Amino acid sequence: MEAIDANKYAKELEVGVRVVQLACCLCQKVQKGSIGPNPNQVISKDDDSPVTVADWSVQATISWILSESFGRENVSIVAEEDAQTLSDANAKNLLASVVATVNESLAMAPRFGLKSPATPLGASEVLDAISWCNSTGGPVGRHWVLDPVDGTLGFVRGDQYAVALALIENGQVMIGVLGCPNYSSKKKLVNNSSVSKLSSDLWQEGCVMYTRKGSGQAWMQPLVHGDGILEWPNSASVIRVSSIDNPAMATFCEPVEKANSNHSYTAGLAYSLGLRKQPLRVYSMVKYAAIARGDAEIYMKFAKAGYKEKIWDHAAGVVIVEEAGGVVTDAGGRPLDFSRGVYLEGVDRGIVACSGVNLHEKIVGAVYASWDSSHL
């Protein structure tokens, strides 16, 4: 691949970090009930996954800011939510909650070095901003990829969740920004107590990780709290994957939900590899964050047959792990392909992310050795 000009994505990375910081602030305020009316409404989507006021509000906020920063005509966004439910005549109260939350959030934008609208957005403008995120990506051009609240179940339960934003250009993930509001920039992730449920020190929690492809570095900065102002590039520190490559010492992460992850297969694989620690079951892309900053060494996900991985669930996390020194492939050892639209097409059995090449090779080898016997 050609060398990447360090300045080429400077503005995109800066705006990305600023807007994800703003979005994390919005999410924390929604959780505390200090922004917007009726913040706790949780709706079930057609696939039974939950969606909240925060999901739509973050999507509208980020969509509006990106369009203001780079020009509406230049911005293509692939994102998880659509405006259909909110546009329904029966959803007036829900829409009002989202509009109020978006406007309170955009009013805070100057603290994050971003522009606020001259007048508050109306309902149709908020719906428009959500609807702009209707790109399907693909191999050509520049596409922002957004998961406004990754791990909505974690968000609803006061556990781990993430705001994930990536920039894909011509099929390659060039920028990744991952906001983790309940993942302390100081404390490690530990089993079953990743966050004390919405404790009073929640405002001291949280971090944003980010990278640019080809930089060979990934960074972490604490969330802006209270009435703080985001300095750029503020107190970011370089993060690096763990150097542990002995399976007996390694910590591995997997999804909490059984619906889209085969826990029994990963348990068998862990046993055959000599992984002795209990798995960390973590909501959202915080699993990638844990590997990037050295809290865990392995993330394995083997979805049930028929489940298709979506690019917004992986893009930001993958590039951050890679630039922090880790390896991410499918279970056959091939790089993930972000150039084929909304879905990660052609994934071989599952996804394996590791802190280093040695562990990665052992896992891919173990998958080849065990797969046929476990899937007869």
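Position numbers for residues start from 1 in each chain and track the written sequence from start to end. The model is predicted, so local features are restricted to residues of pLDDT at least 70 and side-chain atom pairs to those at 80 or more, both for listing and for counting; the totals for chains, interfaces and linings are taken over all residues. In computing side-chain properties, one takes all heavy atoms of the structure into account and sets aside hydrogens as well as water.

(A) Expanded view of the overall build of the protein. Each helix is a run of H or I in the DSSP string that is no shorter than four residues. Each strand is a run of E no shorter than two, and both are numbered from the N terminus. In terms of helices and strands, the protein carries 10 helices and 14 strands. With C-alpha atoms as the basis for the radius of gyration, the globule rule is written as 2.2 Å multiplied by the number of residues raised to the power 0.38. Here the protein has a C-alpha radius of gyration of 20 Å; the compact-globule value for 376 residues is 21 Å, and the two agree. The dimensions of the protein, computed from C-alpha atoms along their principal axes, are 60 × 45 × 40 Å. Exposure is judged per residue with a 1.4 Å probe applied to protein chains only, and the accessible area is read against the type maximum: over 50% gives exposed, under 20% gives buried, and values in between give partly exposed. Within the protein, the fraction of its 376 residues that count as buried is 59%. Contacts are assigned to residue pairs with any non-hydrogen atoms lying within 4.5 Å of each other. The contacts of the protein with a sequence gap of at least 6 include a subset with a gap of at least 24, amounting to 73%. Residue exposure ignores everything except the shown protein chains as possible cover, and the areas themselves are Shrake-Rupley values with a 1.4 Å probe. Accessible area of the protein: about 15200 Å², with a carbon and sulfur share of 50%. Residues counted as positive are Lys and Arg, residues counted as negative are Asp and Glu, and His and the chain ends are not counted. Note on charges: their place is set at NZ of Lys, CZ of Arg, CG of Asp or CD of Glu. Each charge class in the protein was averaged separately, 33 positive and 40 negative side chains, and the resulting centres sit 5 Å apart.

(B) Up close: the pairing of strand β13 (residues 327-330). Residues V327 and T329 line one face of β13 and the alternating positions V328 and D330 line the opposite face, and both faces are buried. Think of it this way: DSSP has to see at least two bridges between two strands before they count as a pair. Across 4 bridges, β13 lies against strand β14 (residues 351-354) in antiparallel orientation. When the bridges of β14 are listed, D330 appears paired with I351.

(C) View of the packing of aromatic side chains. Working definition: rings of Phe, Tyr and Trp (its six-membered ring) pair if their centres are within 6.5 Å, and the pair is stacked with planes under 30 degrees apart, edge-to-face with planes over 60 apart, and tilted otherwise. Across all of its chains, the model carries 6 aromatic pairs by this definition. Taking 5.8 Å as the distance between ring centres and 35 degrees as the angle between the ring planes, the aromatic pair formed by F70 and W144 counts as tilted. Of this pair, F70 sits in helix α2 (residues 53-70) while W144 sits in strand β4 (residues 142-150), placing them 74 residues apart in sequence. Pairing Y288 with Y299 gives two aromatic rings, centres 5.0 Å apart and planes at 85 degrees, and the pair type is edge-to-face. In this pair, Y288 is assigned in helix α8 (residues 286-292) and Y299 in strand β12 (residues 298-301), connecting sequence segments 11 residues apart. Among the aromatic side chains, those forming a connected cluster through ring pairs are Y210, W219 and W232. As a reminder, the over-ring test applies to NZ of lysine and CZ of arginine, requiring each to be within 6 Å of the ring centre and within 35 degrees of the ring normal. Stacked on the ring of Y343, the Lys or Arg K308 has its end atom at 4.6 Å from the ring centre. For the cation-ring pair, R349 lies above Y368, with the distance from its terminal atom to the ring centre recorded as 4.4 Å.

(D) Focus on the pairing of strand β6 (residues 172-180). Counting buried residues in β6 gives 8 out of 9 residues, a clear majority hidden from the surface. Both strand β5 (residues 162-169) and β6 contribute to a ladder of 7 bridges, which runs antiparallel. Looking at β6, one finds that A164 is bridged to L178. Between the antiparallel neighbours β5 and β6 lie 2 residues, among them N170 with a positive phi of about 50 degrees.

(E) Local environment of the environment of S237. Examined against the element boundaries, S237 turns out to sit in strand β9 (residues 237-239). We classify S237 as partly exposed; its relative accessible area is 36%. Put simply, S237 and A366 are 129 residues apart on the chain and 35 Å apart in space, counted from C-alpha to C-alpha. Residues in contact with S237, not counting those within four places in the same chain, are A218, W219 and M220.

(F) Here's a closer look at the sheet that holds β13. Taken in spatial order, the 5 strands make up an open sheet running β11-β10-β12-β14-β13, and their pairing is mixed. Only two strands of the sheet have a single partner each, and these edge strands are β11 (280-281) and β13. The axes used here are C-alpha line fits, helices contributing only the stretch in contact, and every angle between their N-to-C directions lies in the interval 0 to 180 degrees. Its contacts with the sheet place helix α7 (residues 263-273) against β10 (252-254), β11 and β12, and it is angled at close to 170 degrees to β10.

(G) A look at unusual backbone geometry. Backbone geometry places S284, a non-glycine residue, at a positive phi of 75 degrees. Structurally, S284 is set in the loop between β11 and α8. With a phi close to 70 degrees, R349 is a non-glycine residue in the positive phi region. Looking at the secondary structure, you find R349 in the loop between β13 and β14.

(H) Representation of the sheet that holds strand β8 (residues 218-222) within the structure. Overall, mixed pairing links the 7 strands, which are arranged β3-β4-β5-β6-β7-β8-β9 in an open sheet. Two strands bound the open sheet, and with one partner strand each, they are β3 (77-79) and β9. Each adjacent strand pair in this sheet contributes to an overall mean axis angle of 20 degrees, direction not counted. Relative to β4, β3 runs parallel, the two sharing 3 bridges. Across the sheet, the residue bridging to A79 is L146, located in β4. Each of β3, β4 and β5 is contacted by α2, which is oriented at about 155 degrees to β4, the strand it contacts most. Against the sheet, helix α9 (residues 315-323) makes contact with β5, β6, β7 (207-212), β8 and β9, and its axis sits at roughly 100 degrees relative to β6, the strand it touches most.

(I) Geometry of the pattern of salt bridges. Any carboxyl oxygen of Asp or Glu within 4 Å of a side-chain nitrogen of Lys or Arg constitutes a salt bridge here. This structure, assessed with the given rule, holds 13 salt bridges. In this structure, the salt-bridge partner of E254 is R281, at a minimum N-O distance of 2.7 Å. Residue E254 is located in strand β10, and its partner R281 is located in strand β11; the two are separated by 27 residues in the primary sequence. On the basis of relative accessible area, E254 is assigned to the buried category, the value being 1%. Note that K301 is salt-bridged to E309, the shortest N-O span being 3.1 Å. Linked by salt bridges that have partners in common, K8, E12, R142 and E169 make up one network.

Treat this as a map of the structure, not an account of what it does.
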